[in-house]
Amino acid sequence: QVQLVESGGGLVQAGDSLRLSCAASGRTFSAFAVGWFRQAPGKEREFVAAISRNGDRSNSLASVKGRFIISRDNAKNTVSLQMNSLTLEDTAVYYCAAKETVYSNNYYVAKSSYDYWGQGTQVTVSS
């Protein structure tokens with residue numbers, strides 16, 4: 001299996017940027033596709049962004065397209081989520097998740113697709 005630890009969350013003002021990081025250990029990181037999800041109080045955990053094993057393909061939630069960028073560095077066993085132009089609606093706990101797959105160019109947007117989850121990092125955007 002693989003262990004995932006998120007970091008980089010914090011309290012920021014609307015319009016600011018944050019870069020979240022997901023550090024992986026345990027199994028060969030390049031064997032996993034990775035996704036970012038978020039959950040606000042009282043709401044369902046929702047898809048934010050996902051990236052394939054080799055980083056060649058990715059996708060993101062429509063409301064964050066053009067603002068959030070997902071990337072990975074397999075040599076460092078990390079996946080990042082660069083978040084720009086943050087709004088109040090981006091406030092949530094952000095989780096990274098990993099799915100072991102043999103497909104190098106596939107990404108996954110469904111929560112049920114993922115095998116492993118981190119503990120989350122809080123992002124709070126204030127006015």
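Position numbers for residues start from 1 in each chain and track the written sequence from start to end. With the structure being a predicted model, the display of local features is reserved for residues of pLDDT at least 70 and the display and counting of side-chain atom pairs for 80 or more, all residues being used for whole-chain, interface and lining totals. Computation of side-chain values covers all heavy atoms of the structure but excludes hydrogens and water.

## A word on the state of the cysteines
Two cysteine sulfurs form what is called a disulfide whenever their separation falls within 2.5 Å. One pass over the full model with this rule turns up one disulfide. A sulfur-sulfur distance of 2.1 Å marks the disulfide that ties Cys22 to Cys96. Its torsion about the S-S bond being 60°, the disulfide of Cys22 and Cys96 is classed as right-handed. Remark: Cys96 occurs in strand S9 (residues 92–100) and Cys22 occurs in strand S3 (residues 18–25); sequence separation between them is 74 residues. A helix here means a DSSP run of H or I that spans at least four residues, while a strand means a run of E at least two residues long, and both kinds are numbered starting from the N terminus.

## Some remarks on the nonpolar core
Core analysis: the largest hydrophobic core is formed by 30 residues, its most contacted members being Leu4, Trp36, Val48, Phe68, Leu81, Met83 and Tyr94. Throughout, a residue-residue contact means that at least one pair of heavy atoms, one from each residue, lies within 4.5 Å. If near-sequence neighbours (up to four positions away) are discounted, Leu4 is found in contact with Cys22, Ala23, Ala24, Cys96, Ala97, Ala98, Tyr116, Trp117, Gly118 and Gln119. Nine residue types can take part in a nonpolar core, namely buried Ala, Val, Leu, Ile, Met, Phe, Trp, Tyr and Cys, and a core is a set of them joined through side-chain atoms within 4.5 Å. With a 1.4 Å probe rolled over the protein chains alone, any residue whose accessible area is under 20% of its type maximum counts as buried; one over 50% counts as exposed, and the rest are partly exposed. Core analysis: the second largest hydrophobic core is formed by seven residues, Ala33, Ala97, Tyr108 and Tyr114 among them.

## As for the packing of aromatic side chains
Centres within 6.5 Å make a pair out of two Phe, Tyr or Trp rings, where for Trp the six-membered ring is used; the pair is then stacked when the planes are under 30 degrees apart, edge-to-face when over 60, and tilted otherwise. This structure, assessed with the given rule, holds five aromatic pairs. Note on Phe37 and Phe47: the rings are 5.9 Å apart at their centroids and 75° apart in plane angle, and the pair reads as edge-to-face. A residue pair is termed long-range when its members are at least 10 positions apart, and Phe37 in strand S4 (residues 32–39) and Phe47 in strand S5 (residues 46–51) qualify at 10 residues. Relative accessible area serves as the criterion here: at 0%, Phe37 is assigned to the buried category. Among the residues examined, Phe47 registers a relative accessible area of 14% and is labelled buried. Consider the rings of Phe37 and Trp117, whose centres lie 5.1 Å apart with planes at 55°: the pair is tilted. In this pair, Phe37 is assigned in strand S4 and Trp117 in strand S10 (residues 116–117), connecting sequence segments 80 residues apart. Using a relative accessible area of 28% as the deciding quantity, one classes Trp117 as partly exposed. Joined through ring pairs, the aromatic side chains of Phe37, Phe47, Tyr114 and Trp117 make up one cluster. Two conditions define a charge sitting above a ring: the NZ of Lys or the CZ of Arg must be within 6 Å of the ring centre, and it must be within 35 degrees of the ring normal. Between the NZ or CZ atom of Lys99 and the centre of the ring of Tyr108, over which it lies, the distance is 5.0 Å.

## A short note on unusual backbone geometry
Notably, Asn77 is not glycine yet its phi reads approximately 55°, a positive angle. With respect to the helices, strands and loops of the structure, Asn77 is situated in the loop between strand S7 (68–73) and strand S8 (78–83). Note on Asn77: relative accessible area 27%, which makes it partly exposed.

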